[in-house]
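The primary structure of each chain is shown beneath.
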Amino acid sequence: MLDIAALSVTLPSKSGPIHVLRRIDLRLAKGEIHGMIGESGCGKTMTALTLLGLLPEGASVRAERFRFGTLDLSRHVASDLSALRGRRIALISQDPAAALNPVLTIGRQMDDVIRSHHGLAKGARRSMAVEILLATGLPEPEKLLKLYPHQLSGGMQQRVVIAQALATGADFLIADEPTTALDVTVGAQVLKLLRQLVETRGLTVLMITHDMDVVAASCDRATVLYAGISVEEGPVGRLLSAPRHPYTQALLAALPDAAPHGARLATVEGSIPPPTAALPGCAFAARCPFAMPVCASPPPLRQEAGHSWICHLEPT
Amino acid sequence: MTDVVSVENLVIRYPARGLFTARPAPALRGVSLTVSSGETLGLVGESGSGKSSLLRAILGLIPAESGAIRILGQDWSQLDGAALRRARQAVGVVAQNPFLSLSPRLSVAEILAEPLLARGDAHDATLHDRCAALLARCGLPGDFLPRRARALSGGQAQRVAIARALALEPKLMVLDEPTSALDVSVQAQILNLLADLKAEMGLSMLFVTHNLKVVAHVADRLAVMRRGEIIETGTSADLIEHPQQDYTRDLLGFGLRRR
């Protein structure tokens, strides 16, 4: 469905180029929920903006390979992608209350989406809205159409946002921290809904998150980003139980349930390299407990049973 | 052992929004809890469960309809003016978002000096050193003092917020979602810092969060809130291993079934 190799995005600035994405590799099969994991500044959101064709003016985008479905976009990544936005690719953002227009009814907002993407007569648009709202697990959609966003709970609002994404006809959803603003139990229901929609409607979902619980509960495979670089990719079970990149290992060790009750949590010293820095070698070397002199050169790609990572360390 | 906080049968009801609308259901329906000296109590619940109302009532920010709250044996509703201000020095508060709780216009030194000056400390040469010591205790070097809060990372800013809460040597720290705005690796650093402070200073803590796993790691005891009531309470180990309520299991069960 999506196959990206060595995607880089650079923004110009007065003090030199800003490398917001350095080397992103991302592959999603159709019908997959793929997690994109990383901390603030790792490039999760920039990758999403690239996919949505929403990069700021002047951004320089390069990729060795960039395929979306049967389309080869590697020559004109930015312009081609903005044409796909809303037709093939839709976004579910973190805060549903901000994604919905507070002064329009749900019915009006659903209708706007359906009219601009499908045309259709008024009655047909309405029944399509009702059908899609039902598919997202919202009870009494007829009644819901007359309500305003503030009259809904956060979980219901997020279902409406998902319904709008479906109404565009997009088959590739980017879910950017879709459960962060929701309560844990409500978030779990939203993840369940996404899984169900993947199965019934053949969707593909890129799930952007910093929350390993969300990844474990909802994703098939996941990619770990660090400083704008894909450092590890694999099936979620292996990634979480046997991480191979030292950064992924550090990230998992820092989780509160990784240590016995009350024991000190493992932390990573230092901070991520600034996006203005040139990184000729491994981006994590300065913070890595296993760093060696060779880490000053680009790390090799290693693979094992459908699991891949970049690191100078020999696999054990 | 004296209780640092004791709450008995607390009922909180907010006033009706309009003249003709009915009063909303109570936000707290008879909550009782205690935090003893040196203990960390984790208070867990989702939005609307009443944890924020309980927190506000403990801090004396909203009135109780009935029930009693005592901090270090004192009932704050009986105090006013200077006596209340003095009593409040025993409680330090850390909020969720350090960028909202720290003024972006002040330097770190000014932020840390503010509670000391408000208490009536002299603006003398030792003030700078005391601010530096507070900062060092929270793991930041003295060269952060002239910086503005907006120039800090999230983790650094939260360390400053914790240092400010410690300025008046409180007996109780009230932590409202102190790590939920932070990245996982930074969260680990802050949780370690809180554990150190607790061990060094014998602080009592009331740690409020929706993330059961975060608080279970640092708390001695947990209380799970739902719909204005405490539905389950116990030692952290017990509650994690043998949750009695389905709701607690829900809070625990989501995710981390590491396949």
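What you see is a predicted model; the values in this text were computed from it and never measured.

What counts, and where the lines are drawn
- Residues numbered from 1 in each chain as written.
- Chains lettered and ligands numbered in written order.
- Predicted model: local features only at pLDDT ≥ 70, side-chain atom pairs only at ≥ 80, totals over all residues.
- Helix = DSSP H or I, 4+ residues; strand = E, 2+ residues; numbered from the N terminus.
- Rg over C-alpha atoms; globule rule 2.2 N^0.38 Å.
- Buried ≥ 20, exposed ≤ 12 C-beta atoms within 10 Å, placed from the backbone.
- Contact = placed C-beta atoms within 7 Å.
- Expected span 1.5 Å × (residues − 1).
- Nonpolar A, V, L, I, M, F, W, Y, C, P; charged D, E, K, R; others polar.
- Core = buried A, V, L, I, M, F, W, Y, C linked by C-beta atoms within 7 Å.
- Axes fitted to C-alpha atoms, helices over the stretch in contact; angles between N-to-C directions.
- Parallel < 35°, antiparallel > 145°, perpendicular 65-115°, else oblique.
- Left-handed = near helix turned anticlockwise from the far one by under 90°.

Engineer: What is the right way to look at the overall build of chain A in this model?
Structural biologist: When helices and strands are counted, chain A shows 11 helices and 13 strands. The globule rule puts the C-alpha radius of gyration for 316 residues at 20 Å, and the 21 Å found for chain A is close to it. Taking the principal axes of the C-alpha coordinates as reference, chain A spans close to 70 × 50 × 40 Å. The buried share among the 316 residues of chain A stands at 46%. Within chain A, contacts between residues separated by at least 24 positions form 64% of all contacts whose residues are at least 6 apart in sequence.

Engineer: Which parts of the structure should I look at to understand helix α8 (residues 184-201) of chain A?
Structural biologist: Residues spaced three or four apart along an α-helix face the same direction, because each turn holds 3.6 residues. Here α8 of chain A contains 18 residues, and its C-alpha end-to-end distance of 25 Å stays within 8% of the 26 Å for a straight helix at 1.5 Å per residue. Gly 202 of chain A occupies a position one or two residues after α8 of chain A and carries a positive phi of about 65 degrees.

Engineer: Would you mind going over the interface of chain B and chain A with me for this structure?
Structural biologist: In many analyses, interface size is given as the accessible surface area lost on bringing the parts together. In this assembly, 25 residues from chain B lie in contact with 29 residues from chain A. At the level of elements, α7 (184-201), α8 (212-218), α9 (236-241) and α10 (246-253) of chain B are the ones that each hand at least two residues to the side of chain B that touches chain A. With seven residues, α7 of chain B is the largest single contributor of residues to the side of chain B that touches chain A. A per-class count over the side of chain B that touches chain A returns nine nonpolar, nine polar and seven charged.

Engineer: I tried to follow the nonpolar core on my own but got confused; where do I start?
Structural biologist: The nonpolar side chains of soluble globular proteins are, as a tendency, buried together. Core analysis: the largest hydrophobic core is formed by 160 residues, its most contacted members being Leu 173 and Tyr 226 of chain A together with Leu 206 of chain B. In contact with Tyr 226 of chain A, not counting residues within four places along its chain, are Gly 38, Cys 42, Val 231, Tyr 247, Ala 283 and Phe 284 of chain A.

Engineer: Would you explain the packing of helix α4 (residues 108-119) of chain B against helix α6 (residues 154-166) of chain B in this entry?
Structural biologist: Packed helix pairs are specified by the crossing angle of their axes together with the interaxial distance, meaning the distance between the axes. Residue and element names in this part refer to chain B. Remark: α4 packs on α6, axes separated minimally by 8 Å, with the N-to-C direction vectors making an angle of 25 degrees. With respect to α6, the axis of α4 lies roughly parallel. α4 and α6 meet at a crossing whose hand is right-handed. Contact with α4, carried on its side by Val 108, Ile 111, Leu 112 and Pro 115, involves Val 160, Ala 163 and Arg 164 of α6 and no other residues of that element. A class-by-class count of the residues in the contact of α4 with α6 yields six nonpolar, no polar and one charged.

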